[in-house]
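Results of the structural survey
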Amino acid sequence: MDEPVSKKPSEGAAENGEEVEEEEEEPLRGFLDEVNCPEPGIIDRRMIEAAYLEEGQKGETRRLHQLEPVVYERIRTMRLEFKNILRIDHLWMMPNLTTLCLNCNKIEVIEHLAMLTALRDLNLSFNYITRIENLETLVNLEKLSLFSNRIQKIENLQTLEKLVILSIGNNLINTVEGIERLRFVGSLRVLNLEGNPIAKMPDFPLSSYVTAILPQLNYYEYVFIKAETREEAQKRFYRELREIEDKQEREIQGLATEEREMAEAERLASSFVEHLDGHQLYESLWRDDNNGRILMLVGTQAQELAEEYSKDVHELTQKIYRLGLEHFGERDDEIRDFNANLYEGQEELQSQGQTQIEEFLQYKERTFDEMRLKWRDLDQRDDDLEELSAQLDTLTGQFEDALNEMWQSLMAQELHLHEAVEDSTLNFKRKISQLMASFVEQAQVSFQQLRDVCGHFADNMTEIVSQYLASKLLRDDLSTIPDELRKCIADRDALLQLVEAMRESHASRVYEREDRMANRSREFIDDMIKKLKNKEVDRHRAKVLEINSFMEMMTEALANLPRETNNSKNDSLSD
């Protein structure tokens, strides 16, 4: 595959009968030092454009390819081998990239690949990478080559659900830890770990271990794994396999539970009714409420009253909870429809613009072919030169007029789309704000009812505590009254102060929860609209830049046409 086969130094020495002192091997890369590489640098726009224009086409196809404008969204393959690259950057410009070759460079960190979600083939062989990281978003990756780097451990690969081939030989991996995580990559069929320290341990057959614990694997070190080989390996590593399977099962169950909880928490948070699906609000009323705690010391009657209080609060919080979920569904439908319509409009205009560009490129080729003929005639003929020059000037003027007309048309379409998106976003904000206001207003009715319940509870508690103290006083049983309540025996104002403090504390908790809901609903709208506007501004700027870049490319191509025609003529003569 990607890896060269070479004889190990120790083997050659052994043949000569020499003793070889075993050293920790580092990936061989001497041949890289002999390659005439450019100055070390970072991937930038110029490097990307140069690599794209130098693709493997030949002859006329190559010439035409180099005349075309660089449309980054169309680039599917990018090869940047032997570029002396130190750091990865600017690859976000090619969001539809499917194949990326960065092998044979000096890259130390895997970074800035998060936007390349369409990537299927990634080659990072022969670099200086020390850690596998920042690959989580490459969900379509099928082939990953990290051969001959400085990686010490297999990690952070379990999210690559479509990975089929993993080559990580000739690294510094000296532990089996992490190999079992590849069980989560159910699509993995080919694995290469040759040349790592762990593969050279005399008392540990790595190939058998890998074969035993990775049942989905078909090839190890590019050798097909036979059924009898797998069976024998699983017998040898039976205990390790059982431990890994048990651990994996527990992890899968834990992840499933965590995923359900996170999904539900996100749904409730988006509905602004999180912590209202149970008794959380009621429990929060009593938090740090020392006055309420003192009043509850009167015993059974207070407990029974508190139970009724709890039921009333729970009934109202459930009402708010159901209301939030109902309005969440309405908002979610509205948001989904808006995004779908927005995307449809953008795609339609993008298609129209693309058709215009393709038609113009066909016109450009016809015009340029005609101009090339006239330039050749101009060089070969001695008469009618003024007429030929006039014809060339006419063709040039027509091309420039057509180019300007197309620029105006594309810009008009883009400005129309930009204004339409802004208007749609404004209308969407109004509609979503109305939905949110309706929800908050209905929820506020229930919150007011909650505060009323707090007031009724406080009034009833005043009566119960008063009766409790009067009963103890009548029976001359003052010694059994809790110390915190004794001051209320002769001072009714002290009792009323306790009750009022409890009432204010509970009502304050309700106000806090209501305010949080109202504030978050406003923040939700503001954040969403801000993101929509920023996204549209970025899209609009990128589109304008793309249109202007295309115009510049066409203008440059026109200006270079005489020189290109002359070079083509000289090439023909030399042939």
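Residues numbered from 1 in each chain as written. Predicted model: local features only at pLDDT ≥ 70, side-chain atom pairs only at ≥ 80, totals over all residues. Heavy atoms only, no water.

Section: the overall build of the protein chain
The line we're drawing: Each helix corresponds to a stretch of at least 4 residues labelled H or I by DSSP, and each strand to a stretch of at least 2 residues labelled E; elements are numbered beginning at the N terminus. We call two residues contacting when some pair of their heavy atoms lies within 4.5 Å. All accessibility values rest on the Shrake-Rupley procedure with a 1.4 Å probe; residue burial counts only the protein chains present in the view.
Scanning the protein chain from terminus to terminus reveals 13 helices and 10 strands. Within the protein chain, contacts between residues separated by at least 24 positions form 61% of all contacts whose residues are at least 6 apart in sequence. Accessible surface, the protein chain: about 32600 Å² in total, of which carbon and sulfur atoms supply 48%.

Things to note about the side chain of Gln318
Here Gln318 lies in helix α10 (residues 300-380). Ignoring any residue separated from it by four or fewer positions in sequence, one finds Gln318 in contact with Leu276, Asp277 and Gly278.

Regarding the pattern of salt bridges
Put simply, the rule reads: When a carboxyl oxygen of Asp or Glu lies within 4 Å of a side-chain nitrogen of Lys or Arg, that pair is called a salt bridge. The buried label goes to any residue with under 20% of its type's maximum accessible area, the exposed label to any with over 50%, and the partly exposed label to all in between, with areas taken from a 1.4 Å probe on protein chains only.
Counting across every chain of the model gives 25 salt bridges. With a shortest N-O distance of 3.1 Å, Glu111 and Arg87 are connected by a salt bridge. Residue Glu111 is located in the loop between β4 (99-101) and β5 (121-123), and its partner Arg87 is located in strand β3 (residues 85-87); the two are separated by 24 residues in the primary sequence. Exposure remark for Glu111: the relative accessible area of 15% places this residue in the buried category. Here the salt bridges do not stand alone but share partners, grouping Arg131, Glu133 and Glu155 into one network.

Brief notes about the packing of aromatic side chains
This is how the line gets drawn: Between the rings of Phe, Tyr and Trp (Trp by its six-membered ring), a pair exists once the centres lie within 6.5 Å; its type follows the angle of the planes, with under 30 degrees stacked, over 60 edge-to-face, and the other angles tilted. The rule for a charge over a ring is simple: NZ of Lys or CZ of Arg within 6 Å of the ring centre, and within 35 degrees of the ring normal.
Summed over the entire model, instances satisfying the criterion amount to 16 aromatic pairs. Seen in terms of ring centroids, Trp286 and Tyr309 are 6.4 Å apart; in terms of plane orientation they differ by 80°. Their pairing is edge-to-face. Of this pair, Trp286 sits in the loop between α8 (280-285) and α9 (290-295) while Tyr309 sits in helix α10, and the two are 23 residues apart along the sequence. Aromatic side chains Tyr363 and Phe399 sit 6.1 Å apart centroid to centroid with 15° between the ring planes, which places their arrangement in the stacked category. On the criterion of sequence distance, the pair formed by Tyr363 in helix α10 and Phe399 in helix α11 (residues 385-474) is long-range, its members being 36 residues apart. Lying across the ring of Phe524, Arg331 places its NZ or CZ 5.9 Å from the centre.

Some details on the sheet that holds strand β2 (residues 77-79)
Rule in force here: For two strands to be treated as a pair, DSSP must find at least two bridges joining them.
What the eight strands build is an open sheet, ordered β2-β4-β5-β6-β7-β8-β9-β10; its pairing is mixed. Each of the sheet's edge strands pairs with one partner strand only, and the pair in question is β2 and β10 (223-224). Where β2 meets β4, three bridges bridge the pair, whose relative direction is parallel. If you follow Arg79 over to β4, its bridge partner there is Cys101.

With respect to the packing of helix α5 (residues 206-213) against helix α6 (residues 227-236)
Test applied: The axes used here are C-alpha line fits, helices contributing only the stretch in contact, and every angle between their N-to-C directions lies in the interval 0 to 180 degrees. Working rule for angles: under 35 degrees goes down as roughly parallel, over 145 as roughly antiparallel, 65 to 115 as roughly perpendicular, anything else as oblique. The residue classification treats Ala, Val, Leu, Ile, Met, Phe, Trp, Tyr, Cys and Pro as nonpolar and Asp, Glu, Lys and Arg as charged. All others, Gly included, are polar.
Where α5 meets α6, the axes come as close as 8 Å, and the angle between the chain directions of the two elements is 95°. Put simply, α5 runs roughly perpendicular to α6. Here Ser208, Thr211 and Ala212 of α5 come into contact with α6, specifically with Thr229, Arg230, Ala233 and Gln234. Here the residues of the contact of α5 with α6 sort into two nonpolar, four polar and one charged.

Looking at the UniProt feature "coiled-coil region" (unreviewed entry) in the protein chain
This is how it is decided: UniProt positions are given in the numbering used here, feature names are shortened, and annotations may be inferred rather than shown by experiment.
As recorded in UniProt, the sites labelled "coiled-coil region" (unreviewed entry) are residues 230-258 and 378-405. Between the end C-alpha atoms of residues 230-258 there is a gap of 34 Å, over a span that is 97% helix and 0% strand.

A closer look at the confidence of the model for the protein chain
Filter applied, for reference: For every residue, the predictor states its confidence as a pLDDT score lying anywhere from 0 to 100.
When pLDDT is averaged along the protein chain, the result is 84; 88% of the residues meet or exceed 70. Confidence scores differ between elements of the protein chain, with helix α1 (residues 9-15) showing the lowest mean pLDDT of 38 and β5 the highest of 95. Residue range residues 1-36 is modelled with pLDDT below 50. Its contacts to residues more than four positions away, or to other chains, number 39 contacts. In the model, residues 571-575 has pLDDT below 50 throughout and makes zero contacts with residues more than four positions away in sequence or in other chains.

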